[in-house]
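Structural features, examined
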Amino acid sequence: MIEILPSILAADFARLGEQIAATERAGIRRFHLDVMDGHFVPNFTIGPPVVESIRKITKARLDVHLMIEDANRYAPVFIEAGADSVSVHYEACIHLDRTLHHIQSEGALAGVVLNPSTPIAMLEDVLHLVDYVLIMSVNPGFGGQKFIEHSLAKVRALSAWKQELGLQFPIQIDGGITLDNVGDAIRAGCEWIVTGSSIFHSPDPEKAASEMLRAATEANAVRV
């Protein structure tokens, strides 16, 4: 199922509840929340209290992306705060199999994230386990970056591999997604599209979210 996941990091936190409600009116059913620790990536963002506060104002699914060093320790904390799905970086998890099982045992979907320079071959031993895979189309740490075109080749290869193995997990993409390239991402094989600036930095987030959903749905209808 095609979904647009507005990235909360790009929202105006002084108007967060208002902007979440606006995008929900456009048909958004899942939000993306970036968690950064200043170690794995050079930035700090939100913690569990913010997730808990957002959980109180929306029934939408909350997708938490952990860009942190000790995901195994903190994933359950974010799940308790209200996360429905938690993704962790292949590059940050020493015991990835254990971490994925741990997230699932806490009642959330478990995803794996690959940085732009990490090949999809690194996922060979966990593809049977993951609930979704996130392909980063920018280097993690900051919003508003330019889309890395090579990411689409990785998505195509992962999509083909998934079909060959008979697996059903959605492929997610995050970074630099706009109305101009969302169709390319869908046609490459993505189903979950994370986009922040294109929605929350627009004058009308509800309209922007609606247009992004429509463009993604149309691209999916003609996917070959």
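Scroll up for the structure.
A few points on the structure. Note that the structure is a prediction, hence the values are computed from the model and not measured.

The rules behind these values
Residues numbered from 1 in each chain as written. Predicted model: local features only at pLDDT ≥ 70, side-chain atom pairs only at ≥ 80, totals over all residues. Heavy atoms only, no water. Phe/Tyr/Trp six-rings, centres within 6.5 Å; stacked < 30°, edge-to-face > 60°. Helix = DSSP H or I, 4+ residues; strand = E, 2+ residues; numbered from the N terminus. Buried < 20%, exposed > 50% of the residue type's maximum accessible area, 1.4 Å probe, protein only. Lys NZ or Arg CZ within 6 Å of the ring centre and 35° of its normal. Contact = heavy atoms within 4.5 Å. Pairing = 2+ DSSP bridges. Right-handed = clockwise from strand over helix to strand, strands pointing away. Polar contact = N/O pair within 3.5 Å; in protein donor to acceptor, adjacent residues only side chain to side chain. Arc of directions from axis to C-beta. Expected span 1.5 Å × (residues − 1). Axes fitted to C-alpha atoms, helices over the stretch in contact; angles between N-to-C directions. Parallel < 35°, antiparallel > 145°, perpendicular 65-115°, else oblique. Left-handed = near helix turned anticlockwise from the far one by under 90°. Nonpolar A, V, L, I, M, F, W, Y, C, P; charged D, E, K, R; others polar. Salt bridge = Lys/Arg side-chain N within 4 Å of Asp/Glu carboxyl O.

One pass over the full model with this rule turns up 1 aromatic pair. Look at tyrosine 132 and tryptophan 192: their rings are 5.0 Å apart centre to centre, the planes differ by 45°, and that puts the pair in the tilted class. Taken together, the residues tyrosine 132 in strand β6 (residues 132-136) and tryptophan 192 in strand β8 (residues 192-195) connect sequence positions 60 residues apart. With respect to class, tyrosine 132 is no different from tryptophan 192; both count as buried. Stacked on the ring of phenylalanine 169, the Lys or Arg lysine 162 has its end atom at 5.5 Å from the ring centre.

As for its placement among the helices and strands, methionine 136 is situated in strand β6. When the C-alpha atoms of methionine 136 and aspartate 34 are compared, they prove to be 12 Å apart, with 102 residues separating the residues in sequence. Filtering out sequence-adjacent residues up to four positions away, methionine 136 remains in contact with His65, His89, Val113, Leu114, Asn115, Pro116, Ser151 and Asp174.

Of all 5 residues making up strand β4 (residues 85-89), 5 are buried, and the element is well covered by its neighbours. Of the two faces of β4, the one holding Ser85, Ser87 and His89 and the one holding Val86 and Val88 are both buried throughout. Relative to β4, strand β3 (residues 61-67) is paired through 4 bridges, and the arrangement is parallel. Its bridge partner being in β4, histidine 65 is matched across the sheet by serine 87. Bridge analysis of β4 against strand β5 (residues 109-114) gives 5 bridges, and the strand direction is parallel. Considered in β5, the bridge of serine 87 is made with glycine 111. For the handedness criterion, the β-α-β arrangement of β4, helix α4 (residues 96-105) and β5 is classed as right-handed.

Tracing the backbone through its elements, the reader meets glutamate 191 in the loop between α6 (182-188) and β8. Of the polar contacts made by the side chain of glutamate 191, one reaches the backbone nitrogen of methionine 1; its length is 3.2 Å. If sequence neighbours within four positions are ignored, glutamate 191 has contacts with Met1, Ile2, Glu3, Lys162, Phe169, Pro170 and Ile171.

For the rest of this paragraph, the subject is helix α1 (residues 16-25). Here α1 has its buried residues at Leu16, Gln19, Ile20, Ala22 and Thr23. What you see down the axis of α1 is that its buried residues fit within an arc of 160°, all on one side. Buried residues along α1 sit in contact with β1 (3-6), β2 (30-36), α2 (48-57), α7 (197-200) and α8 (205-221). Immediately downstream of α1, the backbone of glycine 27 shows phi near 110°, a positive value.

Moving on: helix α5 (residues 150-165). In this model α5 runs 23 Å from its N-terminal to its C-terminal C-alpha over 16 residues, within 8% of the 22 Å that 1.5 Å per residue would give. For α5, the set of buried residues is Ser151, Leu152, Lys154, Val155, Leu158, Ser159, Trp161 and Lys162. Tucked into the core, α5 has its buried residues touching β5, β6, β7 (171-174) and α6. Backbone geometry just downstream of α5 places glycine 166 in the positive-phi region, at approximately 70°.

Here helix α3 (residues 71-81) crosses α4 at 15°, and the two axes come no closer than 10 Å. Considered as vectors, α3 and α4 are oriented roughly parallel to each other. Two packed elements cross with a definite hand, and for α3 against α4 that hand is right-handed. Counted together, Asn72, Ala75, Pro76 and Ile79 of α3 and Arg98, Thr99, His102 and Ile103 of α4 form the full contact between these two elements. By residue class, the composition of the contact of α3 with α4 is 4 nonpolar, 3 polar and 1 charged.

Tracing the sequence through the fold places phenylalanine 200 in helix α7. Excluding its chain neighbours within four sequence positions, the residues that come into contact with phenylalanine 200 are Pro6, Ser7, Ile8, Ala10, Ala11, Gln19, Thr23 and Pro205.

With that settled, consider the pattern of salt bridges. Should the charged atoms of two oppositely charged side chains come close, the side chains can pair. Within the structure shown, the criterion is met by 7 salt bridges. For the salt bridge of aspartate 84 with arginine 61, the shortest nitrogen-to-oxygen distance reads 3.4 Å. A residue pair is termed long-range when its members are at least 10 positions apart, and aspartate 84 in the loop between α3 and β4 and arginine 61 in strand β3 qualify at 23 residues. Three or more residues joined by partner-sharing salt bridges are found here, namely Arg55, Arg61 and Asp84.

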